[in-house]
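# Notes for the structure review
Residue strings, one per chain:
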Amino acid sequence: MDDDGMWWTVGELALASGVSVRVLRHWDAMGVVSPERTPSGHRRYGPAHVTRLYRAMALRRTGLGLRQVAALLDQEDPDPAATLRAHLVDVEEDLRRRSQLRDRLVAALESAEPDQLMKVIETMTMFEQYVHGYRSEESARLADQAGALVELLHGDTRFKPGERVLEVGCGVGAQTTTLASQSPGTDFVSVDIAPESLEAASRRVAAAGLSNVEFVEKDVFALPEREGDFAEGSFDHVFVCFLLEHLPAPVDALRRLRRLVRPGGTVTVVEGDHGSAYFHPDDDAARAAIACQVTLQRHAGGDALIGRRLFPMLHEADWSDIAVTPRTVYVDGSRPDLADSFTRRTFTAMVSGVREPAVAAGLIDPRTFDAGIAALRRTAEPDGVFCYTFFKAVGRRPA
Ligand SMILES: C[S@@+](CC[C@H](N)C(=O)[O-])C[C@H]1O[C@@H](n2cnc3c(N)ncnc32)[C@H](O)[C@@H]1O
């Protein structure tokens, strides 16, 4: 503390609050708690900063992201209640799945029956069904990703009032809210094979005050159906985002989607391509960690390099008027928000999520993987650069 007892150095505050110096510095950079500086450039915290720090700690304990905490503390969030409601949806979803897992573990341990053990394994598989998984951190990552990329990926996606649009593989509804709010007069039907994601998506859309989306559990490989709402030609457009990369037969899926839209109807496809990631400082371990994600996704039957294949795949699936546009996310020190939301919390968070399976599969040793993640984080520093290209394609069902 200072002589007059009113100021704390970063080290003193770390000791008093239990928040590490590293985190205090990060929170300063993120605008969560930004202290004054002494003439020699050292941080000094006054009573108002300390009060704000304890408020920030309380908000963080609810699981909110740093950007959300900063916006709430600055009273810049236009609708704090909606932010907290959307967060509550994620927390409830996580609790529901964890409690299901706990019940099954208890039942399995109480019973020697092999079928109970199988149920536990099924539930665990549900957690890790995809390389990306269905955990609530994954939901938060997808939502962050959607927020950062909305304009870049979907700014030019609008549908006409009265049209019927099918979104396949909607997940937790990260893109659904954007689509439905950008085209309020359009009727959306959003489908997914994961019922727990559909429930989360439905709550997310309701929390956003949207009423033009219906959620239905469907597998793209079981469509179109012979009759009813999912019969051949029953939609004006189909939309898929980050779905084909997970499918074992993406061209078959694109053919099925073509049959679902009316003649003259369109498809919109958005996919990434991890081969498009390059950065400064360049780093072998970072590239090795990204390669683990690509390999694991291939082992799971998907393709993390699918963005570059959109045109040939749509062509093979007999779509016409195909147009593909690369959408590059470029991040440097002049865009600290994007460095946080995309480089750190979207791309690096996604790659770091495969640490355990990558190490378990013998693709990489833990030390190299961790060095790779540190190097990716390093690219989000003020003197770092990160580049990644998404691909957006549109096509038309021939008349
Ligand atoms: C990476 S998530 C993308 C979610 C969402 N489109 C987004 O951009 O945030 C992929 C989603 O596709 C769903 N999915 C995978 N295979 C599917 C299938 N055969 N039919 C329908 N949905 C499927 C998964 O359950 C998951 O929710």
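The name given to the chain in an unreviewed UniProt entry is Methyltransferase domain-containing protein, with the source organism recorded as Streptomyces lancefieldiae.

Ordered by their spatial adjacency, three strands build an open sheet running 1-3-2, and the pairing between neighbours is antiparallel. Both outer strands of the open sheet, strand 1 (8-9) and strand 2 (36-37), are each paired with one neighbouring strand and no more. Pairing geometry for strand 2 and strand 3 (residues 43-45), over two bridges, is antiparallel. Each bridged residue has a counterpart across the sheet, and for Arg37 the counterpart in strand 3 is Arg43.

Here the bond from Leu223 into Pro224 is cis, since omega is -10°, no more than 30 degrees from zero. Of note, Pro224 is situated in the loop between strand 6 (213-217) and strand 7 (235-241). Residues His280 and Pro281 are joined by a peptide bond in cis, for which omega reads 0°. With respect to the helices and strands, the residue Pro281 is situated in the loop between strand 9 (278-280) and helix 11 (284-299). One non-glycine residue, Asp318, lies in positive phi territory at about 70°. With respect to the helices, strands and loops of the structure, Asp318 is situated in the loop between helix 12 (310-316) and strand 10 (320-331).

Each value, and the rule that gives it
Residues numbered from 1 in each chain as written. Predicted model: local features only at pLDDT ≥ 70, side-chain atom pairs only at ≥ 80, totals over all residues. Pairing = 2+ DSSP bridges. Helix = DSSP H or I, 4+ residues; strand = E, 2+ residues; numbered from the N terminus.

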